[in-house]
Amino acid sequence: MSHTLTIENLSFRYHKEIILKDISFSTDPGEFISIIGPNGSGKTTLIKIISKINKPEKGKIYIKGNNIQTMSNRQLARHIAVVMQSVEPVSMSVEEYVLLGRLPFFKKYQFFETARDIKLAHKYMELTGILKLKDASINKISGGERQLAAIARALTQEPKLLILDEPTSHLDITHQIQILELISSLKKTLCLTVLIVLHDLNLAAEYSDRLVLLNGKNGKIYQTGTCEQVLSEKSIQEVYNTKVRIQKNPVSKRPCIFLITQNALNKEENIIV
Ligand code: ADP
């Protein structure tokens, strides 16, 4: 079974300072992998390199065994769909916006979408719960609905690898869970590989099969592994410079992170003394 995505010894810098250094990991079909790490640790940069927006200084990226540097953007878009943090304002209907996901599949001199394209767009609008908004302007729906439209557009590309950059960062908990539940179920039904940047470590712990924790201090990966392996009080202290306690979520039994205030810490130390 070939990996959906393989990253080998990737390094990148915008200017002098190294942003990503010797990054290597791979993902399998049907895996949900979260990239976590402090602000500025290079999570979005990594996604931009995989999407060929940024060119790496060193290293290789393979999608289903094909080096992305030898693939055209159109070929790449048949394998990878990317949902960025926010949807840029565009004046078109939700349906027109979702149909843009079919563009990489248009034949030469094809100017209009086919009946199959429309069927696919409707299927994924239905799945994401936005079919009822198909005629609404993308500018006049809520942030959560726009995020769902972006996911529907990405799915309409029928990718092997779905990449999302903090898709839940502007959403309330209801919509955060709605989106992650949806992605998690699609992962199973479509055997989709999901690579997602998540800020919220507890959400990452609930949904991920594996985590990639970026260090932020030297551009390297601090650790890759299961949520239990990666999320330890020591790793969070070292990477985020923050004291936390980790216990098991009482329902899922996944690691659950509790932030500790200095005040609470002082009190705890006084009790121990
Ligand atoms: P994260 O997503 O983990 O918050 P980013 O990948 O956005 O981190 O940024 C990593 C580092 O690269 C940061 O120090 C950021 O300031 C810098 N950076 C991001 N984009 C650019 C850019 N276009 N030009 C120069 N530096 C950038």
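The paragraphs below set out a description of the structure included in this document. (Residues numbered from 1 in each chain as written. Predicted model: local features only at pLDDT ≥ 70, side-chain atom pairs only at ≥ 80, totals over all residues. Heavy atoms only, no water.)

### Focus: the overall build of the protein
At step 1: Broken down by element type, the protein carries 10 helices and 12 strands.
At step 2: At 20 Å, the protein has a C-alpha radius of gyration in line with the 19 Å of a compact globule built from 273 residues.
At step 3: Here the C-alpha coordinates of the protein stretch approximately 75 × 40 × 35 Å along the principal axes.
At step 4: Here the protein holds 273 residues, and 47% of them are scored as buried.
At step 5: Here the contacts in the protein between residues at least 6 apart in sequence split such that 65% fall between residues at least 24 apart.
At step 6: For the protein, the computed accessible surface area is about 14000 Å², with 53% contributed by carbon and sulfur atoms. (Helix = DSSP H or I, 4+ residues; strand = E, 2+ residues; numbered from the N terminus. Rg over C-alpha atoms; globule rule 2.2 N^0.38 Å. Buried < 20%, exposed > 50% of the residue type's maximum accessible area, 1.4 Å probe, protein only. Contact = heavy atoms within 4.5 Å. Areas by Shrake-Rupley, 256 points an atom, 1.4 Å probe, with all protein chains shown as cover.)

### Considerations on the packing of aromatic side chains
How two aromatic rings sit relative to each other is set out by the distance from centre to centre and by the angle between their planes.
At step 1: In this structure the tally under the stated criterion is two aromatic pairs.
At step 2: The interplanar angle of 85 degrees and the centroid separation of 4.7 Å between the aromatic rings of phenylalanine 12 and tyrosine 14 together place this pair among those described as edge-to-face.
At step 3: Under the relative-accessibility criterion, phenylalanine 12 is labelled buried at 5%.
At step 4: Here tyrosine 14 falls in the partly exposed class, since its relative accessible area comes to 43%. (Phe/Tyr/Trp six-rings, centres within 6.5 Å; stacked < 30°, edge-to-face > 60°.)

### A short note on the pattern of salt bridges
At step 1: Counted by the stated rule, this structure contains eight salt bridges.
At step 2: Across the salt bridge formed by glutamate 31 and arginine 210, the nearest N and O atoms sit 2.7 Å from each other. Placement of the pair is glutamate 31 in the loop between strand S2 (18-27) and strand S3 (32-36) and arginine 210 in strand S9 (residues 210-214), with a sequence separation of 179 residues.
At step 3: Classification of glutamate 31 by relative accessible area gives buried; the value is 13%.
At step 4: The residue glutamate 238 makes a salt bridge to lysine 234 at a minimum N-O spacing of 3.7 Å. Here the residue glutamate 238 and the residue lysine 234 both occupy positions in helix H9 (residues 233-240), the gap between them amounting to four residues, near one helical turn.
At step 5: Classification of lysine 234 as exposed rests on a relative accessible area of 56%. (Salt bridge = Lys/Arg side-chain N within 4 Å of Asp/Glu carboxyl O.)

### Some details on the nonpolar core
As a rule of thumb, nonpolar side chains are buried together in soluble globular proteins.
At step 1: In this structure, Val94, Val98, Ile130, Ile151, Leu162, Leu164 and Leu231 are the most contacted members of the largest nonpolar core, which totals 51 residues.
At step 2: In terms of residue count, helix H5 (residues 143-156) provides more of this core than any other element does, seven residues in total.
At step 3: Counting residues in each nonpolar core, the second largest holds 26 residues, with Leu20, Ile63, Ile80 and Val212 among its members. (Core = buried A, V, L, I, M, F, W, Y, C linked by side-chain atoms within 4.5 Å.)

### Examining the sheet that holds strand S4 (residues 58-63)
At step 1: If you trace the four strands from one edge of the open sheet to the other, you get S2-S1-S4-S5, paired in antiparallel fashion. Each having just a single partner strand, S2 and strand S5 (66-67) make up the two edges of the open sheet.
At step 2: Note that strand S1 (residues 5-13) and S2 share six bridges and pair antiparallel. Counted as the bridge partner of arginine 13 is isoleucine 18 from S2.
At step 3: Sitting on the sheet, helix H1 (residues 43-50) touches S1, S2 and S4, and the angle it makes with S1 is about 120 degrees. (Pairing = 2+ DSSP bridges. Axes fitted to C-alpha atoms, helices over the stretch in contact; angles between N-to-C directions.)

### Digging into the site of the ligand
At step 1: In the vicinity of the ligand, the contacting residues are Tyr14, His15, Ile19, Pro38, Asn39, Gly40, Ser41, Gly42, Lys43, Thr44 and Thr45.
At step 2: Threonine 44 is positioned such that a nitrogen or oxygen atom in its backbone is 2.9 Å from an oxygen atom of the ligand.
At step 3: Between the ligand and threonine 45 there is a distance of 2.5 Å, counted from an oxygen atom to a side-chain nitrogen or oxygen.
At step 4: Relative to its unbound accessible surface of 560 Å², the ligand loses 58% to contact with the protein.
At step 5: Per-element accounting of the shell around the ligand gives the leading share, three residues, to H1.
At step 6: When grouped by side-chain class, the residues that make up the shell around the ligand number three nonpolar, seven polar and one charged. (Near = heavy atom within 4 Å. Polar contact = N/O pair within 3.5 Å; in protein donor to acceptor, adjacent residues only side chain to side chain. Nonpolar A, V, L, I, M, F, W, Y, C, P; charged D, E, K, R; others polar.)

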